[in-house]
Amino acid sequence: MARRGKEERGGPQEDLLRSAVERALSLGAKYAEARYQLDYHEEVSLRNGYPVAGGFSVNSGIAVRVIVDGAMGFASTNRMKQNSVRNAVERAVALAKASARLLKRPIGMSEETLGRDRVVVRPRIRFENVDLQDRVEALKVADQGLLDGARRAGVEAPSRFIGLTCGFTEKHVINSDGADVYSWIPRVAVSFYYQLSSDGRSIFRHKDLGESRGWEGFERWRLDDYLNEDAGAVGHVLRKAVEPPEGEMDVVLGPEVVGLICHESAGHPGEADRMLGREAAQAGETYIKPELLGAGIGSEVVTVVDDPTIPGSYGFYIYDEEGVRARERVLIDKGVLRELLQNRETAAILGTKSNGASRASSYDREPIVRMANTYMKPGDHTLEELIEGIDFGVYIKTYSEWNIDDKRWNQRYTGVEAYLIRNGRLAEPVYKPILEITTKGLYSSIDAVGKDLEMTAGYCGKGEPMQAIPVWFGGPSVRVRKVRLLRPT
């Protein structure tokens with residue numbers, strides 16, 4: 001095997017992984033998979049301008065997954081010793097054999113061409129070259145930018161939080177079907193929360209930024225300017241907003257809102273394991289059934305995809321936890337439900353191929369079907385052109401509260417920065433307009449899509465025990481015709 005750089009050292013875990021697979025096969029496993037994963041995070045945060053938390057965490061170990069007698073078993077260990085890994089293999093095999101007695105349908109894996117590759121994202125500025133004090137000072141500058149924006153708008157910012165996370169994930173997957181994939185991916189992320197208040201009103205704002213880059217990702221955001229502009233705009237809405245109109249009207253939704261909609265009402269319901277019932281007890285079901293693939297769900301201008309391979313994206317990866325090469329997955333193609341997110345198990349059940357959607361949040365979690373970067377494809381309209389086409393309506397640029405039902409059909413979003421539209425122009429801001437709509441009602445009502453594609457970072461939760469994984473969700477601005485808006489109660 002070729003020599004590896006500093007980030008690429010397989011280390012002693014490579015031999016442990018190979019021996020784990022061999023041991024599982026010797027115990028009767030039809031399929032065996034061993035995954036080493038190390039997650040390293042450094043965190044620092046400010047509350048109201050003062051440091052409140054800092055530290056680092058290292059979480060590493062080896063996971064083993066096997067199929068024996070048509071049943072799957074999973075076990076893990078954080079001890080990088082031959083005996084510990086061997087014991088994990090034996091536990092996984094024993095669990096599979098016990099489960100096989102209760103199995104109604106044998107588990108299989110789809111036939112795939114699996115990767116043998118090394119994927120390393122090299123940071124331009126390594127995190128260790130930016131000391132803790134410099135990170136704290138960068139957050140203080142950003143916090144001051146937020147305060148300046150709020151004061152410029154004439155509002156108070158009584159509660160503020162900014163958290164910074166830097167780190168990397170190292171993985172090595174080897175399985176009995178021929179996969180041998182090593183990856184090393186750095187990530188940097190910022191979460192901010194703030195509350196603005198004025199004359200008895202208040203607005204809460206939250207957003208995440210994240211990329212698979214080194215410190216250069218943080219520098220690229222220019223967080224002080226970003227928060228200055230954001231807080232200034234939200235503060236202006238807070239002070240000047242009128243009550244939102246109610247009833248049926250045309251609406252323009254900003255990229256942040258569109259991204260959340262795509263994640264919640266296209267991405268989650270498009271997870272094949274959810275459709276097969278695995279998530280029903282934890283996170284709900286889905287409106288998508290096998291017979292609905294190929295059916296219309298939206299207008300022909302709506303295309304929603306999930307693509308892990310976007311360079312620099314927060315949900316970036318090239319190979320999934322089963323060794324399948326990732327690609328763009330087209331969930332909705334010109335308004336038609338086209339594709340599900342699949343791993344090898346769901347693909348075998350549904351008679352198709354995996355599209356590389358198997359992910360695990362840490363070494364002690366089994367891989368399950370997950371999103372990565374879910375977004376609506378941009379169109380060719382400017383924001384001004386979208387607004388020009390409306391005589392009277394509302395532009396909802398950002399959101400605060402939201403919810404969606406267990407089948408991902410009925411949904412509701414409350415705007416933060418929002419404005420009336422009159423005669424094709426933005427007018428006065430409106431206070432917390434509420435969009436309440438069904439998934440098909442929303443996608444079918446979109447008649448024009450902007451070209452202002454933007455992405456928001458987040459941590460997508462799923463599974464039992466819970467797995468939170470880094471993702472992007474996004475889209476362009478869209479124009480939605482004749483939908484129902486409500487006022488806050």
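Residues numbered from 1 in each chain as written. Predicted model: local features only at pLDDT ≥ 70, side-chain atom pairs only at ≥ 80, totals over all residues. Heavy atoms only, no water.

### Here we look at the overall build of the protein chain
When its secondary structure is counted, the protein chain shows ten helices and 24 strands. Scaling as 2.2 N^0.38, a compact globule of 489 residues should have a C-alpha radius of gyration of about 23 Å, and the protein chain matches this with 24 Å. Judged by the C-alpha coordinates and their principal axes, the protein chain covers about 75 × 55 × 35 Å. Scored against the burial criterion, the 489 residues of the protein chain give a buried share of 58%. Nonlocal contacts in the protein chain, meaning residues at least 24 apart in sequence, comprise 74% of its contacts between residues at least 6 apart. Of the accessible surface of the protein chain, which amounts to about 20,300 Å², a share of 47% is contributed by carbon and sulfur atoms. Separation between the mean location of the 67 positive side-chain charges and that of the 71 negative ones in the protein chain comes to 3 Å. (Helix = DSSP H or I, 4+ residues; strand = E, 2+ residues; numbered from the N terminus. Rg over C-alpha atoms; globule rule 2.2 N^0.38 Å. Buried < 20%, exposed > 50% of the residue type's maximum accessible area, 1.4 Å probe, protein only. Contact = heavy atoms within 4.5 Å. Areas by Shrake-Rupley, 256 points an atom, 1.4 Å probe, with all protein chains shown as cover. Lys, Arg positive; Asp, Glu negative; His and termini not counted. Charge placed at Lys NZ, Arg CZ, Asp CG, Glu CD.)

### Describing the packing of aromatic side chains
Per the stated rule, a full pass over the model turns up twelve aromatic pairs. Here Tyr40 and Phe168 contribute two aromatic rings whose centre-to-centre distance is 5.6 Å and whose plane-to-plane angle is 20 degrees, an arrangement assigned as stacked. With Tyr40 in strand E1 (residues 31-47) and Phe168 in strand E5 (residues 156-175), this residue pair connects regions lying 128 residues apart in the sequence. On the basis of relative accessible area, Tyr40 is assigned to the partly exposed category, the value being 21%. Taken together, the aromatic side chains of Tyr40, Phe56, Phe168 and Trp184 make up a single cluster linked through ring pairs. One cation-aromatic arrangement involves Arg201 over Tyr431; the distance from NZ or CZ to the ring centre is 4.1 Å. (Phe/Tyr/Trp six-rings, centres within 6.5 Å; stacked < 30°, edge-to-face > 60°. Lys NZ or Arg CZ within 6 Å of the ring centre and 35° of its normal.)

### Section: the pairing of strand E16 (residues 399-404)
Of the pairings in the sheet, the one linking E16 to strand E17 (residues 410-415) comprises four bridges and is antiparallel in character. Each residue of the ladder has a partner; that of Trp402, found in E17, is Tyr413. Counting the residues that bridge the hairpin from E16 to E17 gives five residues, and of these Arg408 lies at a positive phi of roughly 65 degrees. (Pairing = 2+ DSSP bridges.)

### Description of a negative patch on the surface
Together, Asp380, Glu384, Glu385 and Glu388 line one region of the surface with negative charge. Looking at where Glu388 falls in the secondary structure, it is placed in helix H9 (residues 383-388). The class for Glu388 is exposed, based on a relative accessible area of 54%. (Patch = residues over 30% accessible without salt bridge, like charges linked within 9 Å, V, L, I, M, F, W, Y side chains within 5 Å. Salt bridge = Lys/Arg side-chain N within 4 Å of Asp/Glu carboxyl O.)

### Some thoughts on the nonpolar core
Counting 46 residues, the largest nonpolar core has Leu253, Met376, Tyr443 and Ile446 as the members making the most contacts within it. Once you skip the residues sitting within four places of it in the chain, Ile446 turns out to touch Ser299, Val301, Val302, Met376, Val478, Arg479 and Val480. Among the nonpolar cores identified, the runner-up in size contains 44 residues, and Val190, Leu196, Ala241 and Ala448 belong to it. (Core = buried A, V, L, I, M, F, W, Y, C linked by side-chain atoms within 4.5 Å.)

### What about empty space enclosed by the protein?
Inspection of every chain in the model, using the stated rule, returns one cavity of 30 Å³ or more. Its boundaries defined by the atoms lining it, the largest cavity holds a volume of some 40 Å³. Looking at the lining of the largest cavity residue by residue, the class counts come to seven nonpolar, one polar and two charged. (1 Å grid on protein atoms, 1.4 Å probe; cavity = no way out; pocket = protein on both sides within 12 Å on 5 of 7 lines; lining within 4 Å. Points joined across faces, edges and corners; volume = space filled by probe spheres on them. Nonpolar A, V, L, I, M, F, W, Y, C, P; charged D, E, K, R; others polar.)

### Comments concerning unusual backbone geometry
The phi angle of most residues is negative, glycine excepted, and most peptide bonds adopt the trans form. For the bond running from Glu464 to Pro465, omega is 5 degrees, close enough to zero to count as cis. The topology assignment puts Pro465 in the loop between strand E22 (454-462) and strand E23 (467-475). The phi torsion at Lys334 lies on the positive side, around 50 degrees, for a residue other than glycine. Residue Asn423 is not a glycine yet carries a positive backbone phi of 50 degrees. Locating Asn423 in the fold gives a position in the loop between strand E18 (418-422) and strand E19 (425-429).

### As for the confidence of the model for the protein chain
Here the protein chain shows a mean pLDDT of 95. Residues at 70 or above account for 97%. Across residues 1-9 the pLDDT falls below 50, and counting only partners more than four positions away or on other chains, this stretch makes 24 contacts in the model. (pLDDT = per-residue confidence, 0-100.)

### Regarding the pattern of salt bridges
By the definition in use, this model includes 38 salt bridges. Residue Glu33 pairs with Arg65 through a salt bridge whose shortest N-O separation is 3.0 Å. Within this pair, whereas Glu33 is found in strand E1, its partner Arg65 is found in strand E2 (residues 50-68), the two being separated by 32 residues in sequence. Arg365 serves as the salt-bridge partner of Asp364, at 3.4 Å between the closest nitrogen and oxygen. Look at Asp364 and you get partly exposed, because its relative accessible area is 27%. A network of salt bridges, in which partner residues are shared, links Glu14, Arg18, Arg116, Arg118 and Asp180.

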